[in-house]
Amino acid sequence: NIQNNFQFILFGGTGDLAHNKIIPAFYNLAAKDSLPDKFTIVATGRRYDNKNAYLDALYNSLINKKEKIDDKVWRFLTEHIDYFQLSFKDENDFKNLRKYLKNKSKKEKVANRIFYLATAPKFFAEIAKKIEKFNLLEIKLENNESRLVIEKPFGHDFKSAKKLNDTLSSIFSEKNIFRIDHYLGKEMIQNIMVIRLSNPIFRALWNKDHIDNIQIYLNESEGVKDRGKYYDDAGVIKDMFQNHILQVLSLIAMEEPENLSAEEISNKKVEVFKELADNDLSNIDNHIVRGQYISNIVDGEKIKSYREEKEIDSQSETATFMALKLFLNNERWRDVPIYLKSGKRLNKKEAGIAIEFKDSFHPAYLDQNKLDNNLLLIKIQPEEGISLRFNTRKPASNNKIVPVEMEFCQSCQQFFNSPENYEVLIYDMISGDKTLFTSWKEVSYSWKFIDKIQEKYAEENINLHKYPALSKGPKAADQLLENDGRKWLDNN
Ligand code: BG6
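This structure is a prediction, so every number in the text was calculated from the model and none was measured.

Participant: Looking at this structure, I do not really get the site of the ligand. What am I missing?
Facilitator: Contacts to the ligand come from Lys152, His182, Tyr183, Lys186, Glu220, Arg227, Asp239, Met240, His244, Lys344, Lys349 and Gln381. The separation between an oxygen atom of the ligand and a polar side-chain atom of Glu220 is 2.5 Å. Between the ligand and Lys349 there is a distance of 3.1 Å, counted from an oxygen atom to a side-chain nitrogen or oxygen. Bound to the protein, the ligand loses 81% of the 400 Å² it would expose on its own. Among the elements that line the shell around the ligand, the one with the most residues is helix H10 (residues 228-253), at three residues. Of the residues assigned to the shell around the ligand, the class counts are two nonpolar, three polar and seven charged.

What follows is the structure, encoded as structure tokens:
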């Protein structure tokens, strides 16, 4: 149900995101024949003064990403891309953009308009205001439901997020604001609700009576690359926790939705964010471990410390790693610890969710050597799949019990090619499906929780543990679980 004849106005059309994610996603959609015949991507930017120069640059970026570019697909795409040179600061450029869109819309009976802000965050509010001021919304459309798509970060705390949202929502209705969290476009994250709700063996056990603890880990091996300026302000807490990790947690922990509408699911997720704020953080060291990577030599090569990275303050106290232990004080989850962690420059890129079940074995088996708990692993990346650990009798043994793992590797299947996150999200924004986008309520309550943590560590000056680049992360993060008689269940 993708909409025919839409205009996709891309602010930041010459930036990294457009080159590396957005246009390649359109290419993939075109290759799968998922796009309608009539639509126009109006890419705006300052850098090039003509369409051909812009297309050449796009082509070069695509070559770097793909083994082979299909000429037919590329031609189809280029016929649907226009380039419009524009500076955000220049009012005349906006006036001209209006004229251009108006002419085009008249000729082509444009049904809808999608404004995509793929720019630096400091321009989000300014561009939205100019969209309004220069009446880009009011040009006649067949179906006037113009949408706004906005990248992260959505504010840097609750207050700034609210200010931004007040501006956006005075121009677009909530229904038409699509806030991106690209983790929601990942295959296994879209799979969480299906695993939980369509399998009685999990659905029946998804609570404190059967689950011992929940772990979510988003481990990265890369450093901050060339995004030092942004990252040194944000740190891991705003870069990975406020959005991605809390989103994953909300899908794992929410109450069952009554139906699958975007609104109902979002309301259920919001309850989780609200409850997070009830965590008593007075004894903060029992809840949080912060870390920052220091230099290391790996295979004879020196890996820079965080403080030596480009555009990072040489005395920076920004955390590049964080582990959190939290609780949700509700009927379903009371007293079940939830452990979250994410960090840059860890020894392995690996993201997943571990659900460890309780040790409620039949008493007759308790005399045996210690049995392993059942464990459900949802593997997000790089491998996508599910593994389930259970106990079985070791063949030809004297009733010895051993754990075995049943594996479903989705990404190992022949001819498997997981769609890119942005491909899924762009398809949905064009179709008007908001399920994989975050609502203002979700964003606002997740900020309130993150603000609470930030205030706490501003007050208490909690330790910043140093960990060598490309290592497992700070030992204190292991200790956090060892204190509870547990360990991390990732492969780090
Ligand atoms: C982004 C963060 O939102 O997510 C990056 O800003 C991070 O710092 C990235 O590296 C991780 O995404 P993925 O899809 O590679 O796990």
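Structure shown, so let's carry the discussion forward.
Participant: What exactly am I supposed to notice about the environment of Ala118 here?
Facilitator: Tracing the sequence through the fold places Ala118 in the loop between strand E4 (112-117) and helix H5 (124-133). By relative accessible area, which is 10% here, Ala118 ends up buried. Residues Ala118 and Leu58 lie 60 residues apart in sequence; the distance between their C-alpha atoms is 15 Å. Not counting chain neighbours up to four residues away, the residues in contact with Ala118 comprise Leu10, Phe11, Gly12, Leu17, Ile22 and Glu151.

Participant: Help me out: how do you make sense of the packing of aromatic side chains in this one?
Facilitator: The geometry of an aromatic ring pair is captured by the separation of the ring centres together with the interplanar angle, meaning the angle of the planes. Taken as a whole and judged by the stated rule, the model has 22 aromatic pairs. Clustering of aromatic rings is evident, with ring pairs tying together Phe6, Phe8, Phe26, Phe39, Phe76 and Tyr116. One cation-aromatic arrangement involves Lys341 over Trp488; the distance from NZ or CZ to the ring centre is 4.6 Å. Note that Lys448 overlies the ring of Tyr445, its terminal NZ or CZ placed 4.8 Å from the centroid.

Participant: Looking at this model, I keep getting lost on the UniProt feature "binding site: NADP(+)" (unreviewed entry) in the protein. Mind explaining?
Facilitator: According to UniProt, the positions carrying the feature "binding site: NADP(+)" (unreviewed entry) are Arg46 and Lys152. Cross-referencing the annotated residues with the largest cavity identifies Lys152 as lining it. With respect to the element layout, Arg46 can be found in the loop between strand E2 (39-45) and helix H2 (51-65). Look at Arg46 and you get exposed, because its relative accessible area is 63%. Residues in contact with Arg46, not counting those within four places in the same chain, are Thr14, Tyr83, Gln85, Leu86 and Ser87. Here Lys152 shows up in the loop between strand E5 (147-150) and helix H6 (158-169). The class for Lys152 is partly exposed, based on a relative accessible area of 22%. Beyond its immediate sequence surroundings of up to four residues, Lys152 is in contact with Phe124, Ile180, Tyr230, Asp239, Asn243 and His244. At a separation of 3.2 Å, a polar atom in the side chain of Lys152 contacts the main-chain carbonyl oxygen of Asp239.

Rules and cut-offs
Residues numbered from 1 in each chain as written. Predicted model: local features only at pLDDT ≥ 70, side-chain atom pairs only at ≥ 80, totals over all residues. Heavy atoms only, no water. Near = heavy atom within 4 Å. Polar contact = N/O pair within 3.5 Å; in protein donor to acceptor, adjacent residues only side chain to side chain. Areas by Shrake-Rupley, 256 points an atom, 1.4 Å probe, with all protein chains shown as cover. Helix = DSSP H or I, 4+ residues; strand = E, 2+ residues; numbered from the N terminus. Nonpolar A, V, L, I, M, F, W, Y, C, P; charged D, E, K, R; others polar. Buried < 20%, exposed > 50% of the residue type's maximum accessible area, 1.4 Å probe, protein only. Contact = heavy atoms within 4.5 Å. Phe/Tyr/Trp six-rings, centres within 6.5 Å; stacked < 30°, edge-to-face > 60°. Lys NZ or Arg CZ within 6 Å of the ring centre and 35° of its normal. UniProt positions renumbered as here; feature names shortened; annotations may be inferred. 1 Å grid on protein atoms, 1.4 Å probe; cavity = no way out; pocket = protein on both sides within 12 Å on 5 of 7 lines; lining within 4 Å.

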